[in-house]
Amino acid sequence: ILDAATGEPRGEIKVEADGTFWKWMAMADGLLYALVGAAEPMDPVAKWGRVEHGWPWNGISKGYNEKDYAWGYARTLFAIDPATRKTVWSRTEDEQIDSRALCIRDGRVYVSNFGKYVAALDGKSGRELWRRTAAKDAELFEAIGAYRPGHGYIEGWKSTVYVKAGDKALYFAGPQTSWLSAISTEDGRLLWKRQVKNLQILLRDGALFTIGAERTSGETKRLDPLTGDVLQTYDISRRACTRVTGTPDGILFRAYDGTTRLDVSSGKPQWINPMRPSCQVGVITSAGHLFWIPWGCDCNLQMFGLMGLGPAGEFVFDQKAVESERLDKLGPATSDLAVAESDWPAYRGDNARRARTSAEIPAAVRKLWEFVPPAVVEATAPTMAGGLAFTAGVDGVVRAFDAAT
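This is a predicted model, so every value here is computed, not measured.

Conventions and cut-offs
- Residues numbered from 1 in each chain as written.
- Predicted model: local features only at pLDDT ≥ 70, side-chain atom pairs only at ≥ 80, totals over all residues.
- Heavy atoms only, no water.
- Pairing = 2+ DSSP bridges.
- Helix = DSSP H or I, 4+ residues; strand = E, 2+ residues; numbered from the N terminus.
- Axes fitted to C-alpha atoms, helices over the stretch in contact; angles between N-to-C directions.
- Salt bridge = Lys/Arg side-chain N within 4 Å of Asp/Glu carboxyl O.
- Buried < 20%, exposed > 50% of the residue type's maximum accessible area, 1.4 Å probe, protein only.
- Contact = heavy atoms within 4.5 Å.
- Polar contact = N/O pair within 3.5 Å; in protein donor to acceptor, adjacent residues only side chain to side chain.

> Teacher, can you tell me more about the sheet that holds strand β3 (residues 73-81) here?
Backbone-to-backbone hydrogen bonds pair the strands of a sheet. The strands run either parallel or antiparallel. Spatial strand order, β1-β2-β3-β4: 4 strands in an open sheet with antiparallel pairing. The open sheet has two edge strands with one neighbour each: β1 (21-28) and β4 (86-98). Mean inter-strand twist for the sheet, computed between neighbouring axes without regard to direction, equals 20°. Judged from the 7 bridges that link them, β1 and strand β2 (residues 31-37) form a sheet pairing that is antiparallel.

> Would you mind showing me how to read the pattern of salt bridges here?
Once their charged atoms are close, side chains differing in charge can pair, the charge on each being opposite to the other. In the structure shown here, the tally under the stated rule is 23 salt bridges. With a shortest N-O distance of 3.2 Å, R91 and E93 are connected by a salt bridge. Note on E93: relative accessible area 5%, which makes it buried. With a shortest N-O distance of 3.9 Å, D106 and R105 are connected by a salt bridge. One network of salt bridges, in which partners are shared, links R91, E93, E128 and R131.

> What is the right way to look at the environment of A385 in this model?
Here A385 shows up in strand β24 (residues 383-385). Along the sequence, A385 and L121 sit 264 residues apart, while their C-alpha atoms lie 73 Å from each other. When near neighbours in sequence (up to four residues on either side) are disregarded, A385 contacts L337, V339, D343, P345 and F390.

> Would you mind going over the side chain of T210 with me for this structure?
Relative to the assigned elements, T210 resides in strand β14 (residues 207-211). Only 2.9 Å separates the side chain of T210 from the backbone oxygen of E219, close enough to count as a polar contact. Ignoring anything within four residues of it in the chain, the contact list for T210 reads L180, L199, Q200, I201, E219, T220, K221 and L223.

> I would appreciate a short explanation of the environment of R399 in the present structure.
Within the secondary structure, R399 sits in strand β26 (residues 398-402). Judged by relative accessible area, which is 19%, R399 ranks as buried. Between the C-alpha atoms of R399 and A389, which are 10 residues apart in sequence, the distance is 8.2 Å. Each residue touching R399, except ones within four places of it in the same chain, is listed here: F371, P374, V377, A389, F390 and T391.

> What is the right way to look at unusual backbone geometry in this model?
Trans peptide bonds make up the majority, and among non-glycine residues the majority have a negative phi. A positive phi angle, near 55°, is found at D29, a position not held by glycine. Here D29 shows up in the loop between β1 and β2.

Note that every value here comes from positions in space, so none of it alone points to a role or purpose.
See below:
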């Protein structure tokens, strides 16, 4: 237990089942839930001089490419009182629990192992409320579909959560599933399925949103969460494997270049172009801001690192620029400029950013004139062509000056 502000240790909670390795934990309804078991297998650090594009889906590690996913499984689930650090209840399953499918919702805990069982537990006591097994409910598990052991830049990561809990249904979707299916939280019966691969899903506003995979059309939809009926279709899909996340007013996922924000109220996509979401996490929402963190592969875009965006208020991003309203002419119109070889028409000289010029620099120089921008304006580096000097600023104004005077 760490102090959130300083990181200083405040204490320790210890539990033990088949081992002491904590695979998964979550806080809900005043209890700390933890899946604890044997130590995880370790892969050696992989290093090589890779020059190909993208993530090395094959060859990154032996364990990563095994048919059976090796991490995040354990047999014992604990509910712990964080105040006393005592175990309130624990439950050990015969078949291991898959942490990628653990869900807590409305006082219930849902546990499963793909293709073997799904069960609902009372969150306060650990008492079993219902259980479905492949041996007794073969039709249900056939409807959910077979486990998909592969992965790739369209399917996504094996570590991805593939079960999400709604008010009245559990949803199976992800790179491990063959399609999207929904079962009842009341008793585990099948509600519906949608036989489309590689969907990522998001629950919000009483609806289930599906974000279609790369190279698909018409699979980004808003569905009725209990029937699967299509309520709306959006003409957009995500790029590659990056996870989908949401905010109170939008859904965020990777675009073909950068990030897409699907505005839920209007149904229109918006584009954030300088950076893409990270591979395993997606865009992070915190304290009213959006954050992008570094990603694992080399799918390059303009900006890498930790970046944050704040609210833009009432700013109109799709405002049209009407020349009669926006252009402020300070002098007579200028005809097309004759750009000489010795001019400086672009940032750092030319589009290749070579930062060199053929202009002759005199032995002695002196200042002819000076422009000081308003205090609130951060000006761009100047460019020069046709006897004029140009600079712009964060105020949205481009200024042109007679270079000689």
